[in-house]
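Coordinate analysis (summary)
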Amino acid sequence: HFNGDTVMTIYLFIYIIGHLLSAVLIGFMLGWLRLIPAWAAWAFALTSPLTILLFPVHAIVFQDVLKYLICALWIIGAIPAALAMLTNKDLA
């Protein structure tokens, strides 16, 4: 009964939308500020739209390929962001 409550469903949708938008906004922000290369910002920002594609697809092989692609893009985008935070002490 708790999980099917309207309020909990609204909270879930707010969390999902916020979580998916955050990666896109972080990627665009890091690219816009030129803290990381444009290719890394796009890689980071593309993880959320690809995650959305993961759910309606029911082919296991396609889901597995998409999961690895999402993880690879996230790592490709996150490593330059982490290096930018380490090298630019004034950002912290």
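Before reading on, note that the structure itself is shown above.
All residue numbers refer to position in the chain's written sequence, counted from 1. Since the coordinates come from a predicted model, pLDDT governs what is reported: local features require at least 70, and pairs of side-chain atoms require 80 or more to be given and counted, while whole-chain, interface and lining totals use all residues. Working from all heavy atoms in the structure, the side-chain values ignore hydrogens and water.

1. Structural notes on the overall build of the protein chain
This is how the line gets drawn: Labels follow the DSSP assignment, with helices taken as runs of H or I lasting at least four residues and strands as runs of E lasting at least two, numbered in each case from the N terminus. Radius of gyration here is computed from C-alpha atoms only, and the compact-globule reference equals 2.2 Å multiplied by the residue count raised to the power 0.38. Contact definition: two residues touch when any of their heavy atoms are within 4.5 Å. Surface accessibility in these figures is a Shrake-Rupley result with a 1.4 Å probe; residues are shielded only by whichever protein chains are displayed.
Assigned secondary structure in the protein chain consists of four helices and zero strands. Its helices and strands in sequence order give the protein chain the pattern α-α-α-α, from N to C terminus. Relative to the 2.2 N^0.38 estimate, which gives 12 Å for 92 residues, the radius of gyration of the protein chain is 16 Å and therefore markedly larger than a compact globule would have. If one aligns the C-alpha atoms of the protein chain with their principal axes, the spans along those axes are about 50 × 35 × 20 Å. Taking contacts inside the protein chain between residues at least 6 apart in sequence as the whole, the part at least 24 apart equals 54%. For the protein chain, the exposed area adds up to about 6900 Å²; of that, 78% sits on carbon and sulfur atoms.

2. Details of the packing of aromatic side chains
The following threshold applies: Put simply, two rings from Phe, Tyr or Trp (the six-membered ring, in Trp's case) pair if the centres are within 6.5 Å, and we call them stacked under 30 degrees between planes, edge-to-face over 60, tilted for the rest. Three exposure classes are used, based on accessible area relative to the maximum for each residue type with a 1.4 Å probe and protein chains only: buried under 20%, partly exposed in between, and exposed over 50%.
Applying the stated criterion across every chain, the model contains two aromatic pairs. On the numbers, 6.1 Å between centres and 35° between planes, the contact of F44 with W74 is tilted. Of the two residues, F44 sits in helix α2 (residues 38–45) while W74 sits in helix α4 (residues 60–87), which places them 30 residues apart along the sequence. Accessibility expressed as a relative area gives 9% for F44, which makes it buried.

3. What about unusual backbone geometry?
At R34, a residue that is not glycine, the phi angle is positive and equals roughly 55°. Inspection of the secondary structure assignment puts R34 in the loop between α1 (6–32) and α2. R34 gets classed as exposed once you look at its relative accessible area, which sits at 71%.

4. Considering the pattern of salt bridges
Side-chain pairing between opposite charges can occur once the charged atoms of the two side chains come close. Put simply, the rule is: Any carboxyl oxygen of Asp or Glu within 4 Å of a side-chain nitrogen of Lys or Arg constitutes a salt bridge here.
In this structure the tally under the stated criterion is one salt bridge. Among the salt bridges present, the one from K67 reaches D64, with a minimum N-O distance of 3.8 Å. Highlighted residues: K67 and D64, both in helix α4, separated by three residues, approximately one helical turn.

5. Quick look at the environment of W39
Relative to the helices and strands, W39 resides in helix α2. Taking relative accessible area as the criterion, W39 reaches 53% and is therefore assigned exposed. Sequence spacing of W39 and I76 is 37 residues, and the spatial spacing of their C-alpha atoms is 8.9 Å. When near neighbours in sequence (up to four residues on either side) are disregarded, W39 contacts I76 and P80.

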